[in-house]
Amino acid sequence: MEDKTDKLIDLRSDTVTRPSAGMRAAMAAARVGDDVYGDDPSVNRLQARAAELFGHEAALFAPSGTQSNLIALLTHCQRGDEYIVGQEAHTYKYEAGGGAVLGSIQPQPIVHQPDGSLALEDIERTIKPDDFHFARSRLLALENTLGGRVLEPAYIGAATALAHRRGLATHLDGARICNAAVKLGIGPREAVQGFDSVSVCLSKGLGAPVGSLLCGSRAFIKQAMRWRKMLGGGMRQAGILAAAGLYALEHNMARLAEDHDNAARLAHGLADITQIKVSAPQTNIFYVDLPAELCPALRAALARKGILARITPHTRLVLHLDVTRAQVDKTVSAFKQFFAA
Ligand SMILES: *Cc1c(COP(=O)(O)O)cnc(C)c1O
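Since the structure is predicted, the reported quantities are computational estimates derived from the model, not experimental observations. (Residues numbered from 1 in each chain as written. Predicted model: local features only at pLDDT ≥ 70, side-chain atom pairs only at ≥ 80, totals over all residues. Heavy atoms only, no water.)

### Observations concerning the overall build of the protein chain
Each helix and strand in the protein chain was counted, giving 14 helices and 12 strands. Over its C-alpha atoms the protein chain spans a radius of gyration of 21 Å, differing by no more than 12% from the 20 Å that the globule rule assigns to 341 residues. With respect to the principal axes defined by its C-alpha atoms, the protein chain has extents near 60 × 50 × 35 Å. Pairs at least 24 apart in sequence give 75% of the contacts found in the protein chain among residues at least 6 apart. Here the protein chain contributes 38 positively and 35 negatively charged side chains, and the mean placements of these two sets differ by 4 Å. (Helix = DSSP H or I, 4+ residues; strand = E, 2+ residues; numbered from the N terminus. Rg over C-alpha atoms; globule rule 2.2 N^0.38 Å. Contact = heavy atoms within 4.5 Å. Lys, Arg positive; Asp, Glu negative; His and termini not counted. Charge placed at Lys NZ, Arg CZ, Asp CG, Glu CD.)

### Some details on the site of the ligand
Close to the ligand lie Ser64, Gly65, Thr66, Asn69, His90, Glu95, Glu143, Asp173, Ala175, Arg176, Cys201 and Lys204. In the environment of the ligand, an oxygen atom lies 2.8 Å from a nitrogen or oxygen atom belonging to the backbone of Gly65. Note that a nitrogen atom of the ligand is positioned 2.6 Å from one of the side-chain N or O atoms of Asp173. Here the ligand has 380 Å² of accessible area as a free molecule, and 83% of this is covered by the chains. (Near = heavy atom within 4 Å. Polar contact = N/O pair within 3.5 Å; in protein donor to acceptor, adjacent residues only side chain to side chain. Areas by Shrake-Rupley, 256 points an atom, 1.4 Å probe, with all protein chains shown as cover.)

### What to know about the packing of helix H12 (residues 256-270) against helix H14 (residues 325-340)
Here H12 crosses H14 at 20 degrees, and the two axes come no closer than 9 Å. Viewed along their axes, H12 and H14 adopt a mutual orientation that is roughly parallel. For the pair H12 and H14, the crossing hand works out as right-handed. Each of Asn262, Arg265, Leu266, Gly269 and Leu270 in H12 lies in contact with H14, whose residues at this interface are Arg325, Val328, Asp329, Thr331, Val332, Phe335 and Lys336. In terms of residue class, the contact of H12 with H14 is built from five nonpolar, three polar and four charged. (Axes fitted to C-alpha atoms, helices over the stretch in contact; angles between N-to-C directions. Parallel < 35°, antiparallel > 145°, perpendicular 65-115°, else oblique. Left-handed = near helix turned anticlockwise from the far one by under 90°. Nonpolar A, V, L, I, M, F, W, Y, C, P; charged D, E, K, R; others polar.)

### Observations concerning the pattern of salt bridges
Scanning the model with the defined rule gives 15 salt bridges in all. A salt bridge links Lys93 to Glu88; the nearest nitrogen and oxygen atoms lie 2.9 Å apart. Given the relative accessible area of 42%, Lys93 is considered partly exposed. Close ionic contact of Arg125 with Asp122 constitutes a salt bridge, the shortest N to O distance being 2.6 Å. Here Asp122 and Arg125 lie together in helix H6 (residues 120-126), a separation of three residues that amounts to about one turn. By relative accessible area, Asp122 is classed as buried at 17%. When salt bridges with common partners are traced through the structure, they connect Arg255, Glu258 and Asp259 into a single cluster. (Salt bridge = Lys/Arg side-chain N within 4 Å of Asp/Glu carboxyl O. Buried < 20%, exposed > 50% of the residue type's maximum accessible area, 1.4 Å probe, protein only.)

### Structural notes on the nonpolar core
Phe54, Phe61, Ile123, Leu142 and Ile177 are the most contacted members of the largest nonpolar core, which has 51 residues in total. In terms of residues, this core owes the most to one element, helix H11 (residues 239-251), which gives seven residues. Not counting residues up to four positions away in its chain, the partners in contact with Ile177 are Phe54, Asn144, Leu172, Ala191, Val192 and Val200. Grouped together as the second largest cluster of nonpolar side chains are 27 residues, Leu298, Ala301, Ala309 and Phe338 included. (Core = buried A, V, L, I, M, F, W, Y, C linked by side-chain atoms within 4.5 Å.)

Listed below in structure tokens is the structure:
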């Protein structure tokens with residue numbers, strides 16, 4: 001099933017990963033049923049596994065992380081409520097304003113600290129008193145990892161405790177929480193402690209083709225199911241996809257460490273180039289600052305060598321299971337050749 005795109009070194013995102021042979025075999029063998037009736041054994045197994053893994057009572061399989069986050073916003077917040085969120089957070093910046101459009105929920109963005117966290121003072125100051133002039137502060141939404149940066153458990157503990165003390169619920173956009181857990185050397189359950197709900201992407205570094213999991217209490221997930229239905233996210237013989245998710249959780253979590261090593265190796269290799277500035281990767285994502293005038297030529301030079309990257313003055317490079325160590329070295333050479341010319 002090789003096609004020539006298999007040979008590309010695609011550093012644009014970890015969403016570009018393709019299901020491996022083992023994953024495809026698991027998908028082909030999946031037992032299925034109509035999941036809207038709750039009949040799909042593979043979906044049920046995936047949801048039970050996710051609940052267990054992330055230490056919540058229940059979980060819901062959603063077609064995408066965007067929908068899973070939106071379901072969470074709609075479940076936590078009512079019309080006229082607001083959620084406190086980072087200016088760069090996916091749930092604020094990259095989800096087409098879904099909470100506002102579909103839920104009449106107001107985002108209250110806060111500027112991130114350099115480490116990706118939201119300062120506790122900023123959160124505290126932003127929570128609005130009960131006054132009819134204001135939207136009702138209802139939810140704190142954090143993201144881990146954010147641009148590849150890991151939030152420390154001590155910070156999460158303090159931020160979620162603050163939110164709860166002030167009567168807010170807490171949601172984690174944990175699209176890449178498994179990267180954070182692996183980096184910290186802790187279990188997924190520990191990595192999401194303090195959150196009332198968590199959304200986890202299966203379709204990024206974990207390598208599944210489709211799908212996210214929303215975890216929360218039984219009552220929360222029951223409500224979430226209604227929102228998923230309303231958003232058109234109910235799927236029928238979704239066990240084919242759930243089987244990929246189960247495979248991903250079982251086989252592709254611990255190996256995320258290889259992606260982190262490859263990111264470090266790539267960053268280290270690029271750091272020798274004097275014309276660019278390389279950030280220190282914590283997980284599988286890091287950034288390179290490049291002279292703007294060189295971007296189009298660099299993009300083309302890399303593409304000629306089969307390396308795909310969204311080259312901008314602030315380029316994001318993303319490592320994942322379809323990029324090997326040898327390909328990392330090839331990428332370093334390609335960059336060096338370009339900047340030596
Ligand atoms: C990718 C991503 C999502 C959304 O996932 P999709 O499946 O692409 O909709 C949400 N949050 C973060 C941080 C992401 O990186």
